[in-house]
Amino acid sequence: MNDLEICKRVSEIGLTEKYPKCTIEFDEQQNCFWVADNFMFSSWPLLKPLEDDGLCFRLMLKYKIVLEFSHKDEYGVKFYEATINESWGFAQVFSEDPRKAVALAIIELKEGE
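Here the structure is a predicted model, which is why all the values come from computation and not from measurement.

S.K.: Before we move on, could you go through the nonpolar core and cite the residues and values that matter?
M.R.: One finds Leu59, Tyr63, Ile65, Ile84, Val102 and Ile106 to be the most contacted residues of the largest nonpolar core, which totals 28 residues. Elements that contribute at least two residues to this core include exactly helix H1 (3-18), strand S2 (32-37), helix H2 (53-63), strand S5 (78-86), strand S6 (89-95) and helix H3 (98-111). With sequence-adjacent residues up to four places away left out, Leu59 is seen in contact with Val10, Pro49, Ile65 and Ile106.

Right, dumping it as structure tokens:
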């Protein structure tokens, strides 16, 4: 999954939680989401937790994500572990980028529901 797909999926999850009965579509040209509810349309920006540390932190708090340094591989590359271990769900992801680990943990959690 590339960075744009990760950001789109995290945005879709947030919009679906906020507007569970609406139709949500991504507009490639405008790089935003359109939310349709009967005859009302509204546009929402693409969330970018891979670039925005503040947003990533707020997502960590919202989903109760524990982020820890995990290990270095044989080439010295650091890996981070993002874990969600709550009564309502579990996800565990490893990534070189801590923000990507957080985003992927949210995606894994929601796809497991």
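S.K.: Run through unusual backbone geometry, naming residues and quoting values.
M.R.: For Asn31, which is not glycine, the phi torsion reads 55 degrees and is therefore positive. Among the secondary structure elements, Asn31 is positioned in the loop between strand S1 (23-27) and S2. A residue is classified by how much of its surface remains accessible, and Asn31, at 33% relative accessible area, is partly exposed.

S.K.: How would you sum up the pairing of strand S4 (residues 66-72)? Please name residues and give values.
M.R.: The pairing of S4 with S5 spans six bridges and is classified as antiparallel. What sits directly across from Leu67, in S5, is Ala82. Remark: five residues form the turn of the hairpin made by S4 and S5, two consecutive strands paired antiparallel; Gly76 in that turn has positive phi of roughly 85 degrees.

S.K.: Requested: an account of H3, with residues and values cited.
M.R.: Helix length check: H3 (14 residues) gives 20 Å between terminal C-alpha atoms against 20 Å at 1.5 Å per residue, within 8%. Among the residues making up H3, those that are buried are Ala101, Val102, Ala103, Ala105, Ile106, Ile107, Leu109 and Lys110. On its buried face, H3 is in contact with H1, H2, S4, S5 and S6.

S.K.: Talk me through the sheet that holds S2; I want residue IDs and the actual numbers.
M.R.: Read across the open sheet, the three strands follow the order S1-S2-S3; overall the sheet is antiparallel. What marks the edges here is a single partner per strand, and that holds for S1 and strand S3 (40-45). Here the strands of the sheet are splayed against their neighbours by 25 degrees on average, with no regard to which way each runs. The sheet contact formed by S1 and S2 spans five bridges and is antiparallel. Pairing of Asp27 across the sheet is with Cys32, part of S2.

S.K.: Go over the packing of H2 against H3, please, and point to the residues and values.
M.R.: Where H2 contacts H3, the two axes come as close as 10 Å, and the packing angle between them is 40 degrees. Comparing their axes, H3 and H2 come out oblique. Once H2 is placed against H3, the crossing between them reads as left-handed. Contacts from Asp53, Cys56, Leu59, Met60 and Tyr63 in H2 reach Arg99, Val102, Ile106, Leu109 and Lys110 in H3. Looking at side-chain class alone, the contact of H2 with H3 contains seven nonpolar, no polar and three charged residues.

Definitions and limits used
Residues numbered from 1 in each chain as written. Predicted model: local features only at pLDDT ≥ 70, side-chain atom pairs only at ≥ 80, totals over all residues. Heavy atoms only, no water. Core = buried A, V, L, I, M, F, W, Y, C linked by side-chain atoms within 4.5 Å. Buried < 20%, exposed > 50% of the residue type's maximum accessible area, 1.4 Å probe, protein only. Helix = DSSP H or I, 4+ residues; strand = E, 2+ residues; numbered from the N terminus. Contact = heavy atoms within 4.5 Å. Pairing = 2+ DSSP bridges. Expected span 1.5 Å × (residues − 1). Axes fitted to C-alpha atoms, helices over the stretch in contact; angles between N-to-C directions. Parallel < 35°, antiparallel > 145°, perpendicular 65-115°, else oblique. Left-handed = near helix turned anticlockwise from the far one by under 90°. Nonpolar A, V, L, I, M, F, W, Y, C, P; charged D, E, K, R; others polar.

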